Amino acid sequence: QLVERLIAEATNEATKKGFCDTELGKANQDRTYRLADTRKLDVEVQAFEIQLIELKEEIELLTSEVDTLRKNLKETTELRATEKEENLDTMKQAKEGFAAVSEALNILKVFYKQSAKATVLAQASPVDEDTTGAGFSGAYKGKQESSKGIIGMLEV
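Cut-off values and rules
Residues numbered from 1 in each chain as written. Predicted model: local features only at pLDDT ≥ 70, side-chain atom pairs only at ≥ 80, totals over all residues. Heavy atoms only, no water. Helix = DSSP H or I, 4+ residues; strand = E, 2+ residues; numbered from the N terminus. Buried < 20%, exposed > 50% of the residue type's maximum accessible area, 1.4 Å probe, protein only. Areas by Shrake-Rupley, 256 points an atom, 1.4 Å probe, with all protein chains shown as cover. Patch = residues over 30% accessible without salt bridge, like charges linked within 9 Å, V, L, I, M, F, W, Y side chains within 5 Å. Salt bridge = Lys/Arg side-chain N within 4 Å of Asp/Glu carboxyl O. Lys, Arg positive; Asp, Glu negative; His and termini not counted. Charge placed at Lys NZ, Arg CZ, Asp CG, Glu CD.

K.L.:
Account for the overall build of the protein, naming residues and giving values.
P.N.:
In terms of regular secondary structure, the protein is built from 3 helices and 0 strands. Traced from its N-terminal end to its C-terminal end, the protein shows the element sequence α-α-α. Burial analysis of the protein (156 residues in total) assigns 4% to the buried set. As displayed, the protein has an accessible area near 14200 Å², and 60% of this comes from carbon and sulfur atoms.

This is the structure:
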């Protein structure tokens, strides 16, 4: 009976030891997997930290570039406003000049039309009797050939 009891206890011990060894093996395997997962996650965390630093640097760079672009836009807008004022003044002067040239053109056309029809009034003068005259004869009709050149240049 003692032997049977010892055999039964030995069998129970072996069963318990087998169970413990199995569970210990499972625990060791589970620990190995968890350690691998932890290392993998640690590598990912480090990569994300590096990416975070890079993104912060990029944000700083882009922020400074945006500030520079805004400054350039402001300067360009101010320059454009100044140029616009100058251009409006130039256009005003050009319109005034065009009006003046048009008026001069009309005056010249009228002058040359009237001078082409000009006649001399015959008046007796005591000066004419003493001299050979004023140096011209007939009415002054302007230089009709030159008028075409002058009026042509003004019309362009």
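Text resumes after the structure shown.
K.L.:
For a nonpolar patch on the surface, give the residues involved together with the corresponding values.
P.N.:
Residues Leu2, Val3, Leu6 and Ile7 make up a contiguous nonpolar surface patch of roughly 400 Å² in combined accessible area. Of the residues examined, Leu6 reaches a relative accessible area of 47% and is grouped as partly exposed.

K.L.:
Mind laying out the pattern of salt bridges, listing which residues take part and the relevant values?
P.N.:
For the coordinates displayed, the defined rule picks out 3 salt bridges. In this structure, the salt-bridge partner of Arg34 is Asp30, at a minimum N-O distance of 3.6 Å. Here Arg34 pairs with Asp30, and both are found in helix H1 (residues 2-116), just 4 residues apart, close to one helical turn. A relative accessible area of 36% places Asp30 in the partly exposed class. We note a salt bridge from Asp37 to Arg34, for which the minimum N-O separation is 3.8 Å. Here the residue Asp37 and the residue Arg34 both occupy positions in helix H1, the gap between them amounting to 3 residues, near one helical turn. Judged by its relative accessible area of 37%, Asp37 is partly exposed. Among the charged side chains, a salt-bridge network with shared partners connects Asp30, Arg34 and Asp37.

K.L.:
With reference to specific residues and values, describe a negative patch on the surface.
P.N.:
A cluster of acidic side chains, namely Glu83, Glu85, Glu86, Asp89 and Glu96, defines a negative patch on the protein surface. Tracing the backbone shows Glu85 in helix H1. Classification of Glu85 as exposed rests on a relative accessible area of 59%.

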